[in-house]
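# Residue-level structure breakdown
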Amino acid sequence: MNTPTPPYPSEAPSCSPWIQQLPPDSGPQRLGADTAADVAIVGAGIAGVATSFFTLRSTAQSVLLLERNQAGHGASGHNAGQLATYFERPLCELVEEYGFEGAIAAQKAFDDSHELLDLMIAESGADVRVDRFEGKMGMFTLNHLEVHLRNNLLRLRGGLRVEACVVSEEAEFLGEIPAEFTPLYTVVPQARICALLDSPSDRYRAVLFSWKGCANSALLTHQVLGYLQRHYPERFRYVDRTPVQRIVLNTADATLEAGTHKVKAGRVVLCTNGFTDHVVVNSQGEPLGSADARWVKGNIGYMAAFVETEQREPDALSFIRNTEIGGANPYVYVTRRPHELADRTATLTCMGGPERPLAPSEQYDPGTPFPGQMLSEMDSQIRPLAQPKRPAGTAYEYTWHGLMGYTQGSIRRIGVEPCNPVLLYNLGCNGVGFLPSVCGGERVSRILAGEQLAPSIFDPK
Ligand SMILES: Cc1cc2nc3c(=O)[nH]c(=O)nc-3n(C[C@H](O)[C@H](O)[C@H](O)COP(=O)(O)OP(=O)(O)OC[C@H]3O[C@@H](n4cnc5c(N)ncnc54)[C@H](O)[C@@H]3O)c2cc1C
């Protein structure tokens, strides 16, 4: 991003609306003595809590959930909170790399995780607000359109939900769209494209719809955690402010050094979003590829949000910015959701998209102030798409950032460590990790229950 216009102070506070909605901290619940559990789950974000939920539900095993900081204060408290089920790579590319069956099965697992989320909410009695709607993505090149139509063709062949698509009758490339895609889109007036994207600009020529939603994943994490503590007092324990520094994997169990104590566990599941400031030692064979710090690549994502007094329908809009998939500055996005004020319901409009890589030696801290330069850039470039009527340079109620973990190949790791099956993973958001964390939690629970799962593209290598 460049050419910022309105100046903001050089630093703004990092303040996430999701963390603000959490109940007051009830104080540390540290590990006070050496202990043992059938399963130790490391990390209490949405992935760790979902993994605990499904494991307790579908096995008779005891679970100890260990959190270094506080539940929901990691990426789960610093995201955009969209319920999305796409991969960071086009489905057609996954089909090429992993084959039709494997890629479609993985896409189906992500699509189906909407139902897993609903199940977790219903059973836990969580009252976190969840909005569901069709998100819209604006495209302006034939390249993007063709890739998404090809994905849809594969979805159709795989029996998955097909995403509707509309193309402007004024699109310069209308006559060049290959005939095989004709059943997959409808031609509409340009005014319809503008209305769908809520933008007067004629730049965007096509819109892809996808089933989406939004929720506060930090609040959900808290509410489900509270349910697990109440519902499974004999089999579930949660400790926070307890960093896991070292995990030694043996033949049939593991020892964790957590805070000042030791934990013996039959299995260990890493739900750390991929960032390892802990050491994993395999005492029974080859050193693990994942044992080195940062085996996922970190990207810091920046978000800004403002409150609109007018009540607007919940929505998620994304705007492609590069001309070729894989190019720099892929997209910016806007999420609108109802926002409770003291006396009425307003609208919280969140803007996101800008990212920067975490430097190899950089220690990420979500409390680091938000750069004013970034806010200026977002205000000049994303705000006109989010709310063109909002004057440039107006103050933002919330600015925050969070850390995303990208695995090599951008596929979430869900499953058993090949060098030692005592260790399992549910991590690596690759930009989209809310529903995939829930999907991963359920999959891991089936492995822990002893189910033999068919090979999957999620299997750790
Ligand atoms: C800016 C931004 C926007 C995003 N937007 C979306 C979106 O709209 N939709 C979507 O699907 N995804 C989105 N994501 C990704 C999504 O938020 C994450 O995938 C998801 O929250 C990850 O959950 P998690 O539980 O794996 O990680 P986290 O929430 O980060 O939880 C991991 C936990 O592990 C703990 N931990 C780590 N190491 C240790 C240790 N050694 N000992 C003890 N505890 C440890 C951490 O303290 C942390 O609490 C976004 C992410 C960011 C940063």
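Thresholds applied
Residues numbered from 1 in each chain as written. Predicted model: local features only at pLDDT ≥ 70, side-chain atom pairs only at ≥ 80, totals over all residues. Heavy atoms only, no water. Near = heavy atom within 4 Å. Polar contact = N/O pair within 3.5 Å; in protein donor to acceptor, adjacent residues only side chain to side chain. Areas by Shrake-Rupley, 256 points an atom, 1.4 Å probe, with all protein chains shown as cover. Helix = DSSP H or I, 4+ residues; strand = E, 2+ residues; numbered from the N terminus. Domains from an automatic or database assignment. Pairing = 2+ DSSP bridges. Axes fitted to C-alpha atoms, helices over the stretch in contact; angles between N-to-C directions. Parallel < 35°, antiparallel > 145°, perpendicular 65-115°, else oblique. Contact = heavy atoms within 4.5 Å. Nonpolar A, V, L, I, M, F, W, Y, C, P; charged D, E, K, R; others polar. Phe/Tyr/Trp six-rings, centres within 6.5 Å; stacked < 30°, edge-to-face > 60°. Buried < 20%, exposed > 50% of the residue type's maximum accessible area, 1.4 Å probe, protein only. Lys NZ or Arg CZ within 6 Å of the ring centre and 35° of its normal. Core = buried A, V, L, I, M, F, W, Y, C linked by side-chain atoms within 4.5 Å. Left-handed = near helix turned anticlockwise from the far one by under 90°. Disulfide = S-S within 2.5 Å. Salt bridge = Lys/Arg side-chain N within 4 Å of Asp/Glu carboxyl O. Buried area = accessible area lost by both parts, 1.4 Å probe.

Near the ligand there are 37 residues, and of these Glu-67, Ala-75, Ser-76, Cys-429 and Phe-434 occur at the shortest range. Between the ligand and Gln-82, the relevant distance is 2.9 Å, taken from a nitrogen atom to a main-chain nitrogen or oxygen of the residue. With respect to the ligand, the backbone of Val-244 contributes an N or O atom lying 3.0 Å from a nitrogen atom. Surface burial for the ligand is 97%, taken as the share of its 1000 Å² of free accessible area covered by protein chains. Elements that contribute at least two residues to the shell around the ligand include exactly helix H2 (46–58), strand S13 (297–308), strand S18 (398–406) and helix H10 (434–448). It is S18 that provides the largest number of residues to the shell around the ligand, a total of three residues. No fewer than three residues from each of domain 1 (31–79 + 217–295 + 409–448) and domain 2 (133–211 + 298–405) sit in the shell around the ligand.

An order of S6-S5-S7-S4-S14-S15-S16-S13-S18 is seen for the nine strands of this open sheet, with the pairing classed as mixed. Looking at which strands have only one partner, the edges of the open sheet turn out to be strand S6 (186–188) and S18. The average undirected angle you get between the axes of adjacent strands in this sheet is 30°. Bridge analysis of strand S4 (residues 130–139) against strand S7 (residues 206–215) gives 10 bridges, and the strand direction is antiparallel. By the bridge assignment, Arg-132 is partnered in S7 with Gly-213.

This part covers the packing of helix H4 (residues 100–124) against H10. Running from N to C, H4 and H10 cross one another at 80°; their axes reach a closest spacing of 8 Å. Taken as axis vectors, H4 and H10 run roughly perpendicular relative to one another. Contact residues: Ala-109, Phe-110, Ser-113, His-114, Leu-116, Leu-117 and Met-120 in H4; Phe-434, Leu-435, Pro-436, Val-438, Cys-439 and Glu-442 in H10. Residue classes in the contact of H4 with H10 are distributed as 10 nonpolar, two polar and one charged.

For the structure shown, the criterion picks out 13 aromatic pairs. Centre to centre, the rings of Phe-87 and Phe-458 are 6.3 Å apart; their planes meet at 15°, and the pair counts as stacked. Residue Phe-87 is found in the loop between strand S3 (63–66) and helix H3 (91–98), and its partner Phe-458 is found in the segment after H10; the two are separated by 371 residues along the sequence. As far as burial versus exposure is concerned, Phe-87 and Phe-458 are alike and both buried. Arranged with centres 6.4 Å apart and planes meeting at 85°, the rings of Tyr-227 and Tyr-232 form a pair that is edge-to-face. Three or more aromatic residues joined by ring pairs form one cluster here, namely Phe-53, Phe-54, Tyr-227 and Tyr-232. In this arrangement the basic side chain of Arg-390 is found over the ring face of Phe-306, its NZ or CZ atom lying 4.1 Å from the centre.

Tracing the sequence through the fold places Ile-300 in strand S13. By relative accessible area, Ile-300 is classed as buried at 2%. When the C-alpha positions of Ile-300 and Gly-405 are compared, they lie 9.0 Å apart, and in sequence the two are 105 residues distant. Discounting chain neighbours no more than four positions away, the residues touching Ile-300 are Pro-354, Glu-355, Arg-356, Leu-358, Glu-362, Tyr-364, His-401, Gly-402 and Leu-403.

Turning next to the nonpolar core. If you look at the biggest cluster of nonpolar residues, it comprises 69 residues, and the most contacted ones within it are Leu-117, Met-120, Leu-220 and Phe-236. With eight residues, the single largest contributor to this core is H4. Sequence-distant contacts of Phe-236, defined by excluding residues within four places in its chain, comprise Ser-52, Leu-56, Val-63, Leu-65, Leu-225, Leu-228 and Gln-229. If you look at the next biggest cluster of nonpolar residues, it comprises 50 residues, including Phe-181, Leu-317, Phe-319 and Val-332.

A few words on the packing of H3 against H4. Two elements in contact, H3 and H4, have axes whose closest approach is 7 Å; the angle formed by their N-to-C orientations is 135°. As summarised for this structure, H3 and H4 are arranged oblique, according to the angle between their axes. Helix-helix and strand crossings are classified by hand; for H3 and H4 the assignment is right-handed. Two secondary-structure elements touch here, H3 through Leu-91, Leu-94, Val-95 and Tyr-98 and H4 through Phe-100, Gly-102, Ala-103, Ile-104 and Gln-107.

This brings us to the state of the cysteines. For the structure on display, the rule yields zero disulfides. Its sulfur unpaired, Cys-194 is 15 Å from the next cysteine sulfur, which belongs to Cys-165. Residue Cys-350 stays outside any disulfide, its sulfur separated by 8.2 Å from that of Cys-214, the closest cysteine.

A complete count under the given rule lists 25 salt bridges for this structure. The residue Asp-111 makes a salt bridge to Arg-155 at a minimum N-O spacing of 3.0 Å. With Asp-111 in helix H4 and Arg-155 in helix H5 (residues 142–157), the pair connects residues that are 44 residues apart, well separated along the chain. Overall, the relative accessible area of 7% leaves Asp-111 in the buried class. Two residues, Arg-336 and Asp-198, come together in a salt bridge whose shortest N-O distance is 2.9 Å. In this pair, Arg-336 is assigned in strand S15 (residues 331–340) and Asp-198 in the loop between helix H6 (190–197) and S7, connecting sequence segments 138 residues apart. Overall, the relative accessible area of 5% leaves Arg-336 in the buried class. A relative accessible area of 31% places Asp-198 in the partly exposed class. Connected via shared salt-bridge partners are Asp-198, Glu-308, Arg-312 and Arg-336.

Segmentation of the protein chain into domains returns domain 1 (31–79 + 217–295 + 409–448) and domain 2 (133–211 + 298–405). When each unit is reduced to the centre of its C-alpha atoms, the spacing between domain 1 and domain 2 is 32 Å. At the junction of the two partners, domain 1 supplies 10 residues and domain 2 supplies 15 residues. Across the interface of domain 1 and domain 2, roughly 890 Å² is buried in total on both sides, 54% from carbon and sulfur atoms. Seen at the junction of domain 1 and domain 2, the total is zero salt bridges. At the boundary of domain 1 with domain 2, the tally comes to five residue pairs in polar contact (both at pLDDT 80 or more). Grouping the amino acids of the side of domain 1 that touches domain 2 by side-chain chemistry returns three nonpolar, six polar and one charged.

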